[in-house]
Amino acid sequence: MDHFPTNWGRPRNDVFDAYATYPIHQRPYNGPKDAFADGVQRTQQPIVTGTSVLAIKYKDGVMMAADNLASYGSLARFKDVQRLHQVGNYTVIGAGGDMSDFQYIQYILEELSIDEISAQDGHELGPVEIHEYMSQLMYARRSKMNPLWNSLLIGGFKDGKRFLSYVDLLGTTYSASTLATGYGAFIAQPLLRKAVEGREDVITEEEARKILEDSMRVLFYRDARSLNKFQIATISSAGVSISDSKQLETAWSFAENIRGYGAQTQ
């Protein structure tokens, strides 16, 4: 007779557990044991996460934006996290997803930059090389069933050329003049496309900044994992510049017309 209720085929009842299936019992295993098996771990799901990163091309380069929030589940836990990271002299990488994995990526890229400088061969890593490296790294980790749980935007400007591309935890890559990760891919991307596509070579830096600020404001209104404190990175022929944290100006008077808001019953 099988004494393990989870193998009987009966459904679990979370209110009244008549068959004592919690905690879930395991069949005894008396085969050979790997002494190191307990030391091998895989991230099952991201824990402390960042939400959307936005990026667009404009006349003189690339501009990116991300808020400073890292959420612990639904708790707005860390409100001073920089999710835009400069790599070398030409590139900025922005990350959504698991923040500990992003810290590991920052470490890897720092090691890569040191190796490149140490070579002293007259070459410098640009955004194209960083993107290719990250796409290979993400795909390799995915193939080992141990992915880095991030969506990355990589933007840069080198040799007079703008570069903007995306890579995710599966190694999927694509490029466009407007990109967004996380909830921004659903909410902000249509706004960015409407404002930017076809106008990449005429949009000024001031216009690009306003487009991103307006999109970040919409995300703060609509995305429960976002914050009204954000940073903007500008990459152009003048170099890389990541701003200090900015506070969004918001207005909530429009909410009075939304059904179900406040004391409204109809």
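**Observations regarding the environment of D80**
At step 1: Relative to the helices and strands, D80 is located in the loop between β5 (75–78) and β6 (84–87).
At step 2: D80 sits 150 residues away from F230 along the chain, and the two C-alpha atoms are 9.2 Å apart.
At step 3: Every residue in contact with D80, bar those within four places of it in the chain, is listed here: N68, K229 and S245.

**Some words on the side chain of T234**
At step 1: Its place among the elements puts T234 in strand β12 (residues 229–236).
At step 2: Aside from chain neighbours lying at most four places away, what touches T234 is Y58, V62, M63, E205, R209, G239, V240 and S241.

**Regarding the packing of helix α1 (residues 99–119) against helix α2 (residues 127–143)**
At step 1: Their axes nearest at 12 Å, the elements α1 and α2 cross at an angle of 130 degrees. Overall, the two elements α1 and α2 adopt an arrangement that is oblique. Like other packed secondary-structure pairs, α1 and α2 cross with a definite hand, here right-handed. Touching Y104, I105, I108, L109 and L112 of α1 are I130, Y133, M134, L137, M138 and R141, all from α2.
At step 2: Along the lines of polarity and charge, the residues of the contact of α1 with α2 split into 10 nonpolar, no polar and one charged.

**Side note on unusual backbone geometry**
At step 1: Non-glycine residue Q120 carries a positive phi angle of around 50 degrees.
At step 2: Inspection of the secondary structure assignment puts Q120 in the loop between α1 and α2.
At step 3: By relative accessible area, Q120 is classed as exposed at 72%.
At step 4: A positive phi angle, close to 60 degrees, is found at M145, a residue other than glycine.

**Here's the deal with the packing of helix α3 (residues 184–196) against helix α4 (residues 205–222)**
At step 1: The N-to-C vectors of α3 and α4 enclose an angle of 155 degrees; their axes lie 10 Å apart at closest approach. Comparing the axis directions of α3 and α4 gives the class roughly antiparallel. The element α3 and its partner α4 pack so that their crossing is right-handed. Residues G184, I187, A188, L191, L192, A195 and V196 of α3 form the contact with α4, whose participating residues are I211, L212, S215, V218 and L219.
At step 2: Split by residue class, the contact of α3 with α4 holds 10 nonpolar, two polar and no charged.

**Here's the deal with the layout of surface pockets**
At step 1: For the largest pocket, the calculated volume is near 150 Å³.
At step 2: Every residue lining the largest pocket is listed: G88, N89, S113, E116, I117, H123, E124 and L125.
At step 3: Among the residues forming the lining of the largest pocket, the class breakdown is two nonpolar, four polar and two charged.

**What about the pairing of strand β8 (residues 150–158)?**
At step 1: Counting buried positions over the nine residues of β8 gives nine, a clear majority of the element.
At step 2: The side-chain alternation of β8 yields two buried faces, one formed by N150, L152, I154, G156 and K158 and the other by S151, L153, G155 and F157.
At step 3: With seven bridges connecting them, strand β7 (residues 91–98) and β8 associate as antiparallel partners. Residue pairing for β8: I93 is matched across the bridge by I154.
At step 4: In this structure, β8 lies alongside strand β9 (residues 161–167), joined through seven bridges in antiparallel fashion. Looking at β9, one finds that K158 is bridged to K161.

Rules used in this analysis
Residues numbered from 1 in each chain as written. Predicted model: local features only at pLDDT ≥ 70, side-chain atom pairs only at ≥ 80, totals over all residues. Heavy atoms only, no water. Helix = DSSP H or I, 4+ residues; strand = E, 2+ residues; numbered from the N terminus. Contact = heavy atoms within 4.5 Å. Axes fitted to C-alpha atoms, helices over the stretch in contact; angles between N-to-C directions. Parallel < 35°, antiparallel > 145°, perpendicular 65-115°, else oblique. Left-handed = near helix turned anticlockwise from the far one by under 90°. Nonpolar A, V, L, I, M, F, W, Y, C, P; charged D, E, K, R; others polar. Buried < 20%, exposed > 50% of the residue type's maximum accessible area, 1.4 Å probe, protein only. 1 Å grid on protein atoms, 1.4 Å probe; cavity = no way out; pocket = protein on both sides within 12 Å on 5 of 7 lines; lining within 4 Å. Points joined across faces, edges and corners; volume = space filled by probe spheres on them. Pairing = 2+ DSSP bridges.

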